[in-house]
Amino acid sequence: MNFSFKVLASTALLAVAASAAAQTTITGAGATFPFPIYAKWGDEYKKATGVAMNYQSIGSGGGIKQIQSKTVDFGASDMPLSAEVLAKDGLVQFPAIIGGVVPVTNMDSVKPGEMKLTGPVLADIYLGKIKTWNDKAITDLNPGLKLEGPITVVRRSDGSGTTFLFVDYLAKVSPEWKSKVGVGTAVSWPEGVGGKGNEGVAQYVQRIKGSIGYVEYAYAKKNKLDHIAMKNKAGQFVQPTEGAFAAASAGADWKGTPGMAVVLTEQAGEKSWPMSGASFILMHAKPAKVDSSREVLKFFDWALKNGGKSASELEYVPLPPATVSLIQAEWKKITDAGGKAVF
Amino acid sequence: MTTDTGNTGKSNTFAFQDKLFARTTQFFALLVLVTLLGIIGSLIMGSWLTMTQTGAKFLVTDVWDPVRSLFGGMAPLWGTIITATIALVIGVPVSFGIAVFLTEMCPPALKRPLGTAVELLAAIPSIIYGMWGLFIFAPLFAETLQPFMINTLGKLPIVGPVFQGTPNGFGVFTAGVILSVMVIPFIASVMRDVFDTTPPILKESAYGLGATTWEVVWNVVLPYTKTGVIGGIMLGLGRALGETMAVTFVIGNAYNISAKLFEPGNSIASSLANEFNEASDPAHLSALITLGLTLFVLSFIVLALSRWMLSSMSAKEGKRT
């Protein structure tokens with residue numbers, strides 16, 4: 001009897017200790033695009049501070065829903081919410097990481113980065129108006145290349161932030177795309193076959209000769225897909241590199257845009273990659289659990305200051321220091337019931 | 001602990017135990033009914049927005065535009081029916097062949113290994129079939145059989161256009177073929193089991209009268225086992241209608257209604273798998289749930305049709321004798 005009581009007591013003590021540890025776990029859910037870097041940051045942060053970060057990559061739409069229903073401490077979305085929506089739901093939004101979307105092809109006669117396209121031509125391919133590789137619009141841009149055969153358009157079948165950045169760019173450069181198709185995480189595609197996830201698109205592109213698709217930069221690089229050079233707003237043909245994504249974010253007007261809702265597609269700048277994009281974090285401005293929100297902000301403060309190296313390792317681009325100080329100013333909007341900033 | 005003495009007490013306990021047992025089993029059985037009603041109820045609740053706003057037009061509209069919030073379920077419905085049809089057109093004759101060989105002609109030494117192989121095929125998870133389709137079958141099909149079909153069947157006068165297109169290996173036809181491979185083990189193992197139930201005396205009599213194996217199977221075994229055979233086919237059809245991952249991998253996922261079998265299409269289950277995660281707009285979510293309800297109703301219709309077919313067959317039987 002005495003012995004079993006001791007066991008019981010120590011089990012109870014353990015349980016109390018476990019629940020104390022569980023209190024310092026922060027939870028987030030949302031976009032799949034930044035999942036690898038958030039997971040890596042979470043791992044490093046736990047080693048540094050002992051606070052665990054649990055991030056579920058359920059998709060941007062799911063992330064928005066979860067933060068609205070307050071089941072997580074922060075939500076993540078690749079598509080920034082407008083200032084009106086943020087105000088209506090009482091949310092604060094800030095960017096956390098930058099990446100890019102890259103068009104890729106599969107043609108025997110073309111080496112990676114050799115083919116050049118402009119935004120309007122890319123839009124016409126995805127609208128189904130340009131159907132063969134030897135179309136004059138394409139050969140004029142690529143005089144030295146031997147191009148022939150039909151074009152098979154590959155795109156995402158599932159809703160995705162990658163799709164959002166891609167079609168947002170197409171809508172900016174092609175009025176016809178804007179009026180006919182529009183912008184969203186999933187759209188009504190006029191043309192092509194749909195692959196599920198980045199890996200689905202990559203698989204289709206690798207299997208079908210003469211195909212064109214789009215994937216996240218990190219994915220294209222890891223799988224050595226043949227990327228395409230794009231003409232940016234300044235009229236320069238650029239290759240997708242971390243430097244080109246950073247250039248796109250350098251010129252962005254983070255300060256003047258309410259809710260920091262900048263979509264980094266088709267930004268000015270000689271070196272800017274036209275399909276760059278930031279992934280956003282969503283938090284409640286008046287959180288019910290002030291302590292959890294403070295922990296989340298501590299985590300991102302740490303990540304934005306110390307997470308640059310791991311971001312580059314995973315082919316993401318860390319936000320420049322100037323943007324980080326703007327983000328820290330944005331955090332002051334997150335307050336407790338008394339109106340005092342939590343961090 | 002109290003012990004019961006005397007006969008009446010004991011029989012009371014037994015009566016109570018019987019009652020308890022009956023009630024427990026009844027509860028489990030009712031649980032199925034309650035679950036079913038719950039699923040129907042939540043599907044109807046979820047699809048209410050689409051049903052009140054779009055109504056029956058949902059089934060005959062082929063626009064699926066999440067940006068403008070316009071949703072019609074005709075394309076995935078079409079794809080679901082076409083792929084399931086292809087699966088059965090290929091799967092049923094092959095399964096029939098397997099079952100006939102295993103029950104009538106197979107040397108006893110082969111019977112067990114072959115039968116087990118068919119059953120093992122049914123145990124493979126569907127995602128494996130999907131990956132096999134994506135990585136192995138589709139590229140192989142695009143390089144060999146598909147160009148051949150385009151050059152031969154595609155040149156025929158009336159059915160020609162059905163087999164024309166770019167040979168890229170993906171599309172409605174590929175999905176149908178993968179599905180047929182998936183339903184064959186189900187249909188074949190059910191057919192084999194029911195063929196085995198035919199009393200040997202019936203078969204022996206027919207053989208004694210000089211009937212060939214084909215005549216025995218067609219005129220004796222099949223009429224005797226038709227309920228089971230149709231049940232097996234319906235089981236296969238059910239799997240073909242609801243299969244998600246394997247289809248999503250190879251069908252091309254385009255909201256597209258076309259008689260051309262090599263074009264990309266979509267099925268109800270694969271649209272759900274693709275879009276549920278990111279559907280934040282209530283109209284989009286409701287349209288997806290309506291698709292789910294449509295699939296539910298479709299399966300119900302298939303089941304009802306098979307019941308009706310069986311009952312009309314047995315009615316005819318009565319007239320003949």
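Please read all numbers here as calculations on a predicted model, not as lab measurements. (Residues numbered from 1 in each chain as written. Chains lettered and ligands numbered in written order. Predicted model: local features only at pLDDT ≥ 70, side-chain atom pairs only at ≥ 80, totals over all residues. Heavy atoms only, no water.)

**Considering the overall build of chain B**
Here is the rule: A helix here means a DSSP run of H or I that spans at least four residues, while a strand means a run of E at least two residues long, and both kinds are numbered starting from the N terminus. Per-residue accessibility, obtained with a 1.4 Å probe over protein chains only, is compared with the maximum for each type, and a residue is labelled buried under 20%, exposed over 50%, and partly exposed between these values. For the purpose of counting charges, residues Lys and Arg are taken to be positive, whereas Asp and Glu are taken to be negative. His and the chain ends are not included. Charged groups are reduced to one reference atom each: NZ for lysine, CZ for arginine, CG for aspartic acid, CD for glutamic acid.
Secondary structure summary: chain B contains 12 helices and 2 strands in total. Along chain B, from the amino end to the carboxyl end, the secondary structure elements read α-α-β-β-α-α-α-α-α-α-α-α-α-α. In terms of principal-axis extent, the alpha carbons of chain B reach across some 80 × 60 × 45 Å. By the burial criterion, 41% of the 321 residues in chain B qualify as buried. Placing the 17 positive and 17 negative side-chain charges of chain B at their respective mean positions leaves the two points 8 Å apart.

**Some points on helix 7 (residues 172–196) of chain B**
Residue and element names in this part refer to chain B. Selection rule: Multiplying one less than the number of residues by 1.5 Å gives the expected span of a helix. In this scheme, the bend at a residue equals the angle between the axes fitted to the seven residues that finish there and the seven that begin there.
With 25 residues, helix 7 should cover 36 Å at 1.5 Å per step; its first-to-last C-alpha distance of 35 Å lies within 8% of that length. Of all bends in helix 7, the biggest is about 35°, found at valine 183, and the proline proline 185 comes one to four residues later. Within helix 7, 20 of the 25 residues are buried, leaving the element largely enclosed by the surrounding structure.

**Regarding the confidence of the model for chain A**
All names here are of chain A. Operational definition: As a per-residue measure, pLDDT tells how confident the predictor is, with possible values from 0 to 100. Here, two residues are considered to be in contact whenever any of their heavy atoms come within 4.5 Å of each other.
Residues with a pLDDT of 70 or more make up 93% of chain A, whose mean pLDDT is 87. When pLDDT is averaged over each element of chain A, helix 5 (residues 119–127) comes out on top at 95 and helix 1 (residues 2–23) at the bottom at 49. In the model, residues 13–22 has pLDDT below 50 throughout and makes 0 contacts with residues more than four positions away in sequence or in other chains.

**Observations regarding the interface of chain A and chain B**
Selection criterion: Summed over both partners, the accessible area lost on bringing two parts together, with a 1.4 Å probe, is the buried area. By definition, a salt bridge exists where a carboxyl oxygen of Asp or Glu is found within 4 Å of a side-chain nitrogen of Lys or Arg. A 3.5 Å cut-off defines polar contacts: any pair of N or O atoms within that distance qualifies, except that in protein one atom must be a possible hydrogen donor and the other a possible acceptor, and neighbouring residues in sequence count only when both atoms are side-chain atoms. Ten residue types, Ala, Val, Leu, Ile, Met, Phe, Trp, Tyr, Cys and Pro, are classed as nonpolar, four, Asp, Glu, Lys and Arg, as charged, and the remainder, Gly among them, as polar.
Chain A puts 31 residues into the contact, and the matching count from chain B is 26 residues. The largest per-residue losses of area from chain A upon contact with chain B belong to Lys196, Tyr204 and Arg207 of chain A, which jointly make up 24% of the total buried on that side. At the junction of chain A with chain B, the criterion picks out 0 salt bridges. The tally of links from chain A across to chain B stands at 10 residue pairs in polar contact (both at pLDDT 80 or more). Where the side of chain A that touches chain B is concerned, the elements lending two or more residues are helix 3 (60–68), strand 6 (152–156), helix 8 (175–180), strand 7 (193–195) and helix 9 (197–207) of chain A. A per-element tally of the side of chain A that touches chain B places helix 3 of chain A first, with 4 residues. Looking at the side of chain A that touches chain B residue by residue, the classes come out as 8 nonpolar, 16 polar and 7 charged.

**Quick look at the packing of aromatic side chains**
The way to describe two aromatic rings as a pair is by their centre distance and the angle between their planes. Counted only if it meets this: Think of it this way: a Phe, Tyr or Trp ring, Trp meaning its six-membered ring, pairs with another when their centres are within 6.5 Å, and the plane angle makes it stacked under 30 degrees, edge-to-face over 60, tilted otherwise.
A complete count under the given rule lists 34 aromatic pairs over all chains for this structure. Seen in terms of ring centroids, tyrosine 38 of chain A and tyrosine 55 of chain A are 5.1 Å apart; in terms of plane orientation they differ by 90°. Their pairing is edge-to-face. A residue pair is termed long-range when its members are at least 10 positions apart, and tyrosine 38 of chain A in helix 2 (residues 35–49) and tyrosine 55 of chain A in strand 2 (residues 52–56) qualify at 17 residues. For the pair tyrosine 38 of chain A and tyrosine 55 of chain A, a shared accessibility class is recorded, and that class is buried. Summarising the aromatic geometry, the rings of phenylalanine 173 of chain B and phenylalanine 262 of chain B are spaced 5.6 Å apart at their centres and angled 85° between planes, so their arrangement reads as edge-to-face.

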